[in-house]
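Listed here are the chains, written in short residue letters.
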Amino acid sequence: MPTIFIDNLPYEVKEGKNLLETCLSLGFDLPYFCWHPAMGSVGACRQCAVKIFKDENDSTGRIMMSCMEAVKEGLRLSIADPTARAFRKQNIEWLMTNHPHDCPVCDEGGSCHLQDMTVMTGHDYRRYTFKKRTHVNQYLGPLLNHEMNRCIQCYRCVRFYREYAGGTDLNVFGAHHHVYFGREKDGVLESPFSGNLAEVCPTGVFTDKTLKQHYTRKWDLTSAPSICQHCSMGCNIIAGERYGKLRCIVNRYNSDVNGYFICDKGRYGYEFVNSVSRIAEPLIRNQPVEAVNETALMRHLEGLVTQFPLVGIGSPRASMESNFALMELVGKENFFQGTNDDQAYLERRMVEMLQQDGLPGVSLKAIENADAVLILGEDIWNTAPMMALAVRQSVMKTAADQAVQQSSLANWHDAAIKELVQDKKGFLANITVADAPLNKLATISAQDCPDNIARLGFAIAQVLHPVLPPVSGIPENDLQKIQLIATALQKAERPVIITGSSSCSETVIKAAYNIVQSLRATGKDAGISFVFPECNSMGLALMNVPSLENALERIRTNSDCTVIVLENDIFRHIVPEKADMFLSRCKHLVVMDSLHNRTTEKAHVLIPSATFAEADGTLVNNEGRAQHYYQVYMPFNPHIKESWKWLDKIKKLKTPSAGRSALHPDECLAELESVLPQFENITGVMPSHQFRINGQSIPREPHRYSGRTAMRAHIAVSEAKPLQDGDSPLTYTMEGYPGIPPESLTPFFWSPGWNSGQAVNKYQQETGGALRNENPGVMLFKHNKDHIGKFITDYPDPFTPIPGKYLLLPQHQLFGSEEMSAYSETLSELIPDMVIALSGNDAKTLGVTDGAMIAIEKNEFSYPLPLKIRNDLKSGIVLVPAGYQAMPYFPWGSWVKLRV
Amino acid sequence: MWLVFLHLFHKRETIQYPEEKVKLFPRWRGRIVLTKDPDGGERCVGCYLCAAACPVDCIALQATEDENGRRYPEFFRINFSRCIFCGFCEEACPTYAIQLIPDFEMGEYNRQNLVFEKEDLLINSEGKYPGYNFYKVAGIDAGIKGKGQGENELPAVDTKSLLP
Ligand code: SF4
Ligand code: SF4
Ligand code: SF4
Ligand code: SF4
Ligand code: FES
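Residues numbered from 1 in each chain as written. Chains lettered and ligands numbered in written order. Predicted model: local features only at pLDDT ≥ 70, side-chain atom pairs only at ≥ 80, totals over all residues. Heavy atoms only, no water.

1. Focus on the overall build of chain B
In plain terms, the rule: A run of H or I in DSSP becomes a helix once it reaches four residues, and a run of E becomes a strand once it reaches two; helices and strands are each numbered from the N terminus. Any residue under 20% of the maximum accessible area for its type is buried, any over 50% is exposed, and the rest in between are partly exposed; the area is computed with a 1.4 Å probe on protein chains only. Contacts are assigned to residue pairs with any non-hydrogen atoms lying within 4.5 Å of each other. Only the protein chains shown count as covering a residue, and every accessible area follows the Shrake-Rupley method with a 1.4 Å probe. Only four residue types enter the tally: Lys and Arg on the positive side, Asp and Glu on the negative side, with His and both chain ends excluded. The atom standing in for a charge is NZ when the residue is Lys, CZ when it is Arg, CG when it is Asp and CD when it is Glu.
Looking only at helices and strands, one finds five helices and six strands in chain B. Shown N-terminal to C-terminal, the secondary structure of chain B runs as helices and strands in the order α-β-α-β-β-α-β-β-α-α-β. For chain B, the C-alpha atoms occupy an extent of roughly 90 × 35 × 25 Å along the three principal directions. A buried classification covers 42% of the 164 residues belonging to chain B. Taking all contacts inside chain B whose residues are at least 6 apart in sequence as the whole, residues at least 24 apart take part in 68%. Split by element, the accessible area of chain B, about 9,500 Å² in all, is 56% carbon and sulfur. Charged side chains of chain B number 20 positive and 24 negative; the gap between the two group centres comes to 4 Å.

2. Focus: the sheet that holds strand β2 (residues 59-65) of chain B
Residues and elements named next belong to chain B. Heads up, the rule is: Should DSSP find at least two bridges between two strands, the strands are regarded as paired.
The strand order across the open sheet formed by three strands is β2-β3-β5, and the pairing between neighbours is antiparallel. Of all strands in the sheet, those bounded by a partner on one side alone are β2 and β5 (115-116). One ladder, built from seven bridges, connects β2 with strand β3 (residues 71-79); its direction is antiparallel. Bridge pairing in β3 places A60 opposite R77.

3. Concerning the site of ligand 2
For the record, the criterion: Only heavy atoms are used to decide nearness, and a residue is near a molecule or strand if one of them lies within 4 Å of it. Classes in brief: Ala, Val, Leu, Ile, Met, Phe, Trp, Tyr, Cys and Pro nonpolar; Asp, Glu, Lys and Arg charged; the others, Gly included, polar.
Every one of the 13 residues lining ligand 2 counts as a neighbour, but A:C151, A:C154, A:Y155, A:C157 and A:C201 are closest to it. Here the residues of the shell around ligand 2 are counted per class, giving 10 nonpolar, two polar and one charged.

4. Description of the pairing of strand β30 (residues 806-811) of chain A
Note on strand geometry: in a regular strand, side chains alternate between the two faces of the sheet. All names here are of chain A. Within β30, six of the six residues are buried, which leaves it mostly tucked inside the rest of the structure. The side-chain alternation of β30 yields two buried faces, one formed by Y806, L808 and P810 and the other by L807, L809 and Q811. Examined bridge by bridge, β30 and strand β35 (residues 895-899) share two bridges and lie antiparallel to one another. Note on β35: the bridge partner recorded for Y806 is V896. Sheet topology places β30 next to strand β34 (residues 877-881); five bridges connect them, and they run parallel. Bridging across to β34, L808 finds its partner in V878.

5. Description of the interface of chain A and chain B
Applied cut-off: Defined in terms of a 1.4 Å probe, buried area is the accessible area two parts forfeit on being brought together, summed over both. Throughout this description, the term salt bridge denotes a Lys or Arg side-chain nitrogen within 4 Å of a carboxyl oxygen of Asp or Glu. Under the rule applied, a polar contact is a pair of N or O atoms within 3.5 Å (in protein, one hydrogen donor and one hydrogen acceptor; residues adjacent in sequence only if both atoms are side-chain atoms).
Counting residues at the interface gives 47 residues for chain A, matched by 46 residues for chain B. Summed over both partners, the interface of chain A with chain B comes to about 3,700 Å²; 54% of that surface belongs to carbon and sulfur atoms. Among the residues of chain A in contact with chain B, A:V105, A:T134 and A:V717 are the three that bury the most area, contributing 16% of the side total. At the boundary of chain A with chain B, the tally comes to five salt bridges. Ionic pairing is found between B:R82 and A:E719, a salt bridge with its closest N-O pair at 2.3 Å. At the junction of chain A with chain B, the criterion picks out 29 residue pairs in polar contact (both at pLDDT 80 or more).

6. Concerning the side chain of A:S41
Residue and element names in this part refer to chain A. The topology assignment puts S41 in the loop between α1 (19-25) and β3 (49-53). The class of S41 is buried, set by a relative accessible area of 0%. A distance of 3.2 Å separates the side chain of S41 from the side chain of N18, its partner in a polar contact. Filtering out sequence-adjacent residues up to four positions away, S41 remains in contact with N18, W35, C67, M68, R159, W412, H413, D414 and A415.

7. Description of the pattern of salt bridges
All names here are of chain B. Enumeration according to the criterion identifies 55 salt bridges over all chains in this entry. We note a salt bridge from K145 to E153, for which the minimum N-O separation is 3.5 Å. Assessed through its relative accessible area of 6%, E153 is described here as buried.

8. As for unusual backbone geometry
The linkage connecting B:Y17 with the following residue, B:P18, adopts the cis geometry, with an omega of 5°. If you trace the backbone, B:P18 turns up in the loop between α1 (2-7) and β1 (32-34). Of note in the backbone geometry, A:Q422 takes a positive phi value of approximately 55° without being a glycine. Summarising the element assignment, A:Q422 is placed in the loop between α14 (414-421) and β18 (427-432).

Here is the structure:
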């Protein structure tokens, strides 16, 4: 480790870093704008100036940009040097000559990096008396507000949008001090990562438009660490509340999972929490007054749970705590997964592969660092957006690493590396059912039917591991592809294979399995990542209970049951006729949920559940990483409770003498661990609810939180005692431990002088690295390096279309397919139209053209949709958007008829 | 005793309040009001700075916007039973909206009546600082002036031009 001297004091620092990140890692305050830990340095803003000296006798030194200088043994620099300081101050003064007088009405204010840096450099008085340059703004869609006057030309936005996230419709226009950052003309930003601009831009040019509708400053938010609920990636987020409404979601750094960014579904999907269709009171239907209070509800439920056998339906979007509480209430033999047979089976298979066959599941970080990626049958752009972003980083980084090896450049030298790389790319093979956005990046891409994708995969595995039986009948033009992919995987040091359940095909998953095992058999450190459909699908699958169809069977044989459905719209999991039959046969149907849906409509008893923002809970993400989310605020409405709390109360009705039952989430998890050993160590996701630091809890509110004695004064002027939930070490006040709390308990990033999200620097062991005392979640799978499970040799036959029939497959859409985010008003504007897609050939055979209404039919199921011809599709497949709110569950993965 | 006797001939300090009113100066820090700008629009832009500055946290508000993007408080509440009339809010206010005025006669029998809402706070005057309209000097276009039309602004940039 080299030693450098900063203001004449020696420090041992890490090699290969630039001086800016080194100084920040050491805890110095050094202003910067254009450098970003995830994007490297370009030296554009001239803000990070320091003085560098030749040797200890040099007293003149020269001013250099610290972000562009590498650490060298014995290097001497000064941050405090008066000329360096004056330079930095002058730089801000220049930036400010054109900066508008906007702070009071700027949404960035209070979490503005420019404000922080201005204060840090000491610039406080405007001397420039000339006029300011101004810009007109653009309409950029419902997600981001644009206020171009505030731009300081740091170029972070375009570097993120174009280079990091691969977007094309944001750019820089104009010349000299007229440069303009925006779109060619007004229009909705296309990238699903555009929301990150609100955090990447150090000023208020790009701000969260949904926050603007109920604007609150960062210092006024009650925040808690949370986990995104909108896909299986489990990105870490911070959710903020004010006056009983959820106000915004921002990224929470986790070095293993989402790093510095989240996708737009995660950032803007939160609006469902504030939705008007929230279930507000317990209802007992079919009586004169349906809305009841808790006492009446409990009295009613007492009869239902004591006199009838119970059946419980779990949910892939409910927390571990809630699913487990339901299982405890109804008994394991009466507890069913809320997903259908096919889905449950696929998920079970993926879990087994990770659990028993030693497949090494990898994190998003590991995907970023992979040097070859193969995707089989999963459109991750739409089903796991942050994984797509990670794959993009892998492709870019691999190319950059190769370029860097031939030169002496450090890997943070962003602009120089981009020059060197040009448009070279790392290896990505994307084999999907339909054309996918990631194909732009792919070395090899292909579209085929699931069985053919699987055959391709098996053939790749066979090339990698020739002892496997060959796959017969592979078409000539695929052979070359197979060879190329196999060679690339073989050459790579850290190949990753990605697949998932969205192609509804077990064979695809098996093929991915064979490839990873083949690579491992040849001594490669290969990884796999399975994409699951929902935020806790993995957790539910790990519970290993029968599927929804089994519950149906149970009800068919004994309809005299009380069925409790936990946070689950079963119309999303089975076809309507089956769902209707199921619900109508329940003697008593108790449904707990947060929003009204088709299942809650049918409920006899409806119980209002808390959403993630009002609840504590644990989710297991796609790699088997358990992570805890904390309650952000207690709902004003006393009827709204966490499902596991309701279930706990109901359990007391059934067995009043049941002794101690778990009251806090950490106790629930401890019980879960003792009952289901596959969840071993899950208690490690959170400290005990009694955990305190020097006897102090951790405040959810910053110390500048305002309005404490006025917010509720219109209701009652005497202030009530601060709320207490007691479920976690977090409190609902601004008093408590003022320092940096343990990582998983970080309610917001703030540090003196660092009000914006950039304060995360101070929470990291080194910039861009792990957080101090990082607890990136508990991994539930123990990867056994030496165990390589059996190979699979029952290859599927090639796909042969059945005349008159079509294989129905889901097209997942980033916005619209996931249940809860579709309730977000803002995102609902961006949901693509409902269409049914067929190949050109099939359309010709049917004699139809674009826009024709075609009904999908199977048994009694029939659903008409307008046609869209897609030439990327193989004949014999029909593709329909999955999971749209108004649409029923389709019999995915089965053969259907089409009626014109 | 002699001293006490002498005081009989001094000018009296006691004021016969309430018959006789106290003489207060313009900068006296009493009841808080929200003022209007010269054009009669609400001056407060809902920036939350007064609330943040308040040492007893007795100001609560919610910002909202009209169709032109002009920001104003949806509600604005001061709990005068907590207010210590320190004037920090006035000092923090970037728009001269919130001002302390020379009036202390706010006694109430019921503490709840000391909770003032925006309707109670808003006055139809510019108060101590006439002539200032924040939206005229800010960079945003909130329906008061267009982009590049402020006194201190150059016309909006034409990004298609390469001229210096
Ligand atoms: S970007 Fe920052 S400094 Fe500029 S107006 Fe907004 S809050 Fe103020
Ligand atoms: S818009 Fe923001 S990120 Fe982009 S150059 Fe301007 S200040 Fe930097
Ligand atoms: S990738 Fe998934 S978990 Fe991550 S932010 Fe997006 S929706 Fe949420
Ligand atoms: S400081 Fe002034 S402008 Fe800002 S919220 Fe308070 S009264 Fe309104
Ligand atoms: S951060 Fe170093 S020049 Fe911008």
